[in-house]
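This is what each chain is made of:
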Amino acid sequence: MEEHNSEEENQPEGLPIPEIFLNSDTKSPITNCVQCDYDLLSGGRYYVIEKVFKKYPSFQKTEILFEYAVCSKCYENMRGQLSKESMENLAAYMATKTDVQALQTRMALYPDQPEEWLSHCMIKGTPKSELTEFQMGACFKGDRLMTNYMPPFMIGGLALEEMNALLSQQTKDEMDDFMGDNFGIPPELRKDLILI
Ligand SMILES: [Zn+2]
């Protein structure tokens, strides 16, 4: 992935927001931070969008369990409140288990089609079509997808289970609180989302 670090005003950084990261109801960009209501499209802060999908084979339908955007300020706050040990465990897992080469190959093949980068679990390499549960996330600024901090990711159910097992009980409780406060999601569903 080539990096553009130029300051040129007339050449916007990043890529347009892929359709998969739009608000699934309105099909427009997600406009506000889930925690502080910050106006994300003002472009002042980076933000992260995460979505959790579940496929019900009997209905041949993929449903979005939840989706949210959180601004960089709230994201830092949130991560700062999670146990350091759990976050280090997660970071180590991602650093050692991600199939970086496969991801880079997809990015090189489809430089302008980020949805193609999300075709396989970034950890296990499982094709999306074979997953019944997966989580996606990416970093944005204004109406642009940014890749300078992290590329968009897709993680399947098996890897999510392994990641969940790395979290301390304290961290799981804190994530439960975050999900409950922001989405009214009960703890038994929270295991489907890892705050990355
Ligand atoms: Zn915020």
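The rules behind each value
- Residues numbered from 1 in each chain as written.
- Predicted model: local features only at pLDDT ≥ 70, side-chain atom pairs only at ≥ 80, totals over all residues.
- Helix = DSSP H or I, 4+ residues; strand = E, 2+ residues; numbered from the N terminus.
- Buried ≥ 20, exposed ≤ 12 C-beta atoms within 10 Å, placed from the backbone.
- Contact = placed C-beta atoms within 7 Å.
- Core = buried A, V, L, I, M, F, W, Y, C linked by C-beta atoms within 7 Å.
- Pairing = 2+ DSSP bridges.

Q: Before we move on, could you go through the overall build of the chain and cite the residues and values that matter?
A: For the chain, the helix and strand inventory stands at seven helices and six strands. Looking at the 196 residues of the chain, the share that counts as buried comes to 30%. Sequence-distant contacts in the chain: of pairs separated by 6 or more residues, those separated by 24 or more amount to 63%.

Q: Which residues make up the nonpolar core, and what values go with them?
A: Grouped together as the largest cluster of nonpolar side chains are 18 residues, with contacts concentrated most on Cys33, Leu40, Tyr47, Ile49, Ala69, Val70 and Cys71. Those elements that provide at least two residues to this core are β2 (46-56), β3 (61-71) and β4 (133-141). Counting residues per element, this core draws most heavily on β3, at four residues. If we skip the residues at most four places from it in the chain, Cys71 touches Cys33, Cys36, Tyr38, Leu40, Arg45 and Tyr47. Membership of the second largest hydrophobic core comes to 17 residues, among which are Val52, Trp117, Leu131 and Met154.

Q: An account of the environment of Val70 is requested, with residue identities and associated values reported.
A: Along the chain, Val70 turns up in strand β3. When the 23 C-beta atoms within 10 Å are taken as the criterion, Val70 is described as buried. Apart from residues no more than four positions distant in its own chain, Val70 is found in contact with Cys33, Val34, Gln35, Tyr47, Val48, Tyr75 and Met78.

Q: Lay out unusual backbone geometry in plain terms, naming residues and giving numbers.
A: Although it is not a glycine, Lys27 sits at a positive phi angle of roughly 60°. Within the element layout of this structure, Lys27 appears in the loop between β1 (15-16) and β2. Located in the positive-phi region is Asp37, a residue other than glycine, with phi close to 70°. Among the structural elements, Asp37 can be located in the loop between β1 and β2.

Q: Which residues make up the pairing of β2, and what values do they have?
A: The pairing of β2 with β4 spans nine bridges and is classified as antiparallel. Within β4, the residue paired with Glu50 across the bridge is Gly137. One ladder, built from 10 bridges, connects β2 with β3; its direction is antiparallel. Across the sheet, the residue bridging to Val48 is Val70, located in β3.

Q: Could you give an account of the environment of Thr31, naming the residues involved and the relevant values?
A: With respect to the helices and strands, Thr31 occurs in the loop between β1 and β2. For the pair Thr31 and Ser42, spaced 11 residues apart in the sequence, the C-alpha separation amounts to 9.1 Å. Contact partners of Thr31, with chain neighbours within four places excluded, come to Asp39, Leu40 and Leu41.

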